[in-house]
Amino acid sequence: MVDEADVEATFAVRITSARPVTLWAVTLLGDAIHTMSPGRGDGANIALRDAQNLTAALARAAAGEVSLAEAKRAYEIDMLDYGFAAVAESLTNPFSGRLSAPAPRNDVR
Ligand SMILES: Cc1cc2nc3c(=O)[nH]c(=O)nc-3n(C[C@H](O)[C@H](O)[C@H](O)COP(=O)(O)OP(=O)(O)OC[C@H]3O[C@@H](n4cnc5c(N)ncnc54)[C@H](O)[C@@H]3O)c2cc1C
């Protein structure tokens, strides 16, 4: 595959991985907090998971179920756990896992 690559059509991509952090004043999601090697195809998917979870947390605060600070903290504790687990996985197994063939879809005609 490397021998047959069109070198003129390739470009370098700078890969970085985030270091674990603790909670702080602002809240973050996606690559802003847990950027990782793209080989496993996890980054955008986890950014979307963050967005869904943060939206749900803010909705709970807006409904008066929890305070805004509690909602933010709950989102961050969960996100830091699965986000940095994915960063660690991307460092130890950068090209395995999520890139396996998708399950066949029976609903597509
Ligand atoms: C080569 C490659 C392949 C990848 N393949 C996959 C894959 O198959 N599956 C997968 O899940 N993930 C993949 N990823 C990772 C994925 O692209 C990222 O994890 C995802 O885009 C992160 O989304 P984000 O919204 O957090 O950040 P971004 O997509 O980086 O969005 C941030 C946005 O903010 C804008 N911005 C920055 N600064 C400012 C500012 N000051 N003011 C206003 N706007 C600003 C930027 O222009 C950008 O549009 C890949 C990454 C790379 C590099």
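Residues numbered from 1 in each chain as written. Predicted model: local features only at pLDDT ≥ 70, side-chain atom pairs only at ≥ 80, totals over all residues.

Student: When you look at the overall build of the chain in this model, what are you seeing that I'm missing?
Tutor: Scanning the chain from terminus to terminus reveals three helices and zero strands. In the chain, 55% of the contacts between residues at least 6 apart in sequence involve partners at least 24 apart. (Helix = DSSP H or I, 4+ residues; strand = E, 2+ residues; numbered from the N terminus. Contact = placed C-beta atoms within 7 Å.)

Student: Looking at this structure, I do not really get the nonpolar core. What am I missing?
Tutor: Proteins that are soluble and globular tend to have nonpolar side chains buried together. Of all hydrophobic cores here, the largest spans six residues; its members are L29, I33, A57, A71, Y75 and M79. Here the element with the most residues in this core is helix α3 (residues 68-92); it accounts for three residues. Beyond its immediate sequence surroundings of up to four residues, M79 is in contact with L29, D50 and N53. (Core = buried A, V, L, I, M, F, W, Y, C linked by C-beta atoms within 7 Å. Buried ≥ 20, exposed ≤ 12 C-beta atoms within 10 Å, placed from the backbone.)

Student: So what exactly am I meant to see when it comes to the environment of T27 here?
Tutor: Checked against the element boundaries, T27 lands in the segment before α1 (31-34). On the neighbour-count criterion, T27 (18 C-beta atoms within 10 Å) is partly exposed. In this structure the C-alpha to C-alpha distance between T27 and Y75, which are 48 residues apart in sequence, comes to 9.0 Å. Look past the residues within four positions of T27 in its chain and what remains in contact with it is K72, Y75 and E76.

Student: Is there a simple way to explain helix α2 (residues 43-62) in this structure?
Tutor: In an α-helix, one turn spans 3.6 residues, which is why side chains three or four residues apart end up on the same side. Here α2 spans 28 Å end to end across 20 residues, near enough to the 28 Å set by a 1.5 Å rise per residue. Among the residues making up α2, those that are buried are G43, I46, D50 and A57. Considered in projection along α2, the buried side chains sweep an arc of 65 degrees and stay on one side of the axis. In α2, those exposed residues whose orientation departs by more than 90 degrees from the buried face are A44, N45, L48, A51, Q52, T55, A56, A59 and A62. Contacts from the buried residues of α2 go to α1 and α3. (Expected span 1.5 Å × (residues − 1). Arc of directions from axis to C-beta.)

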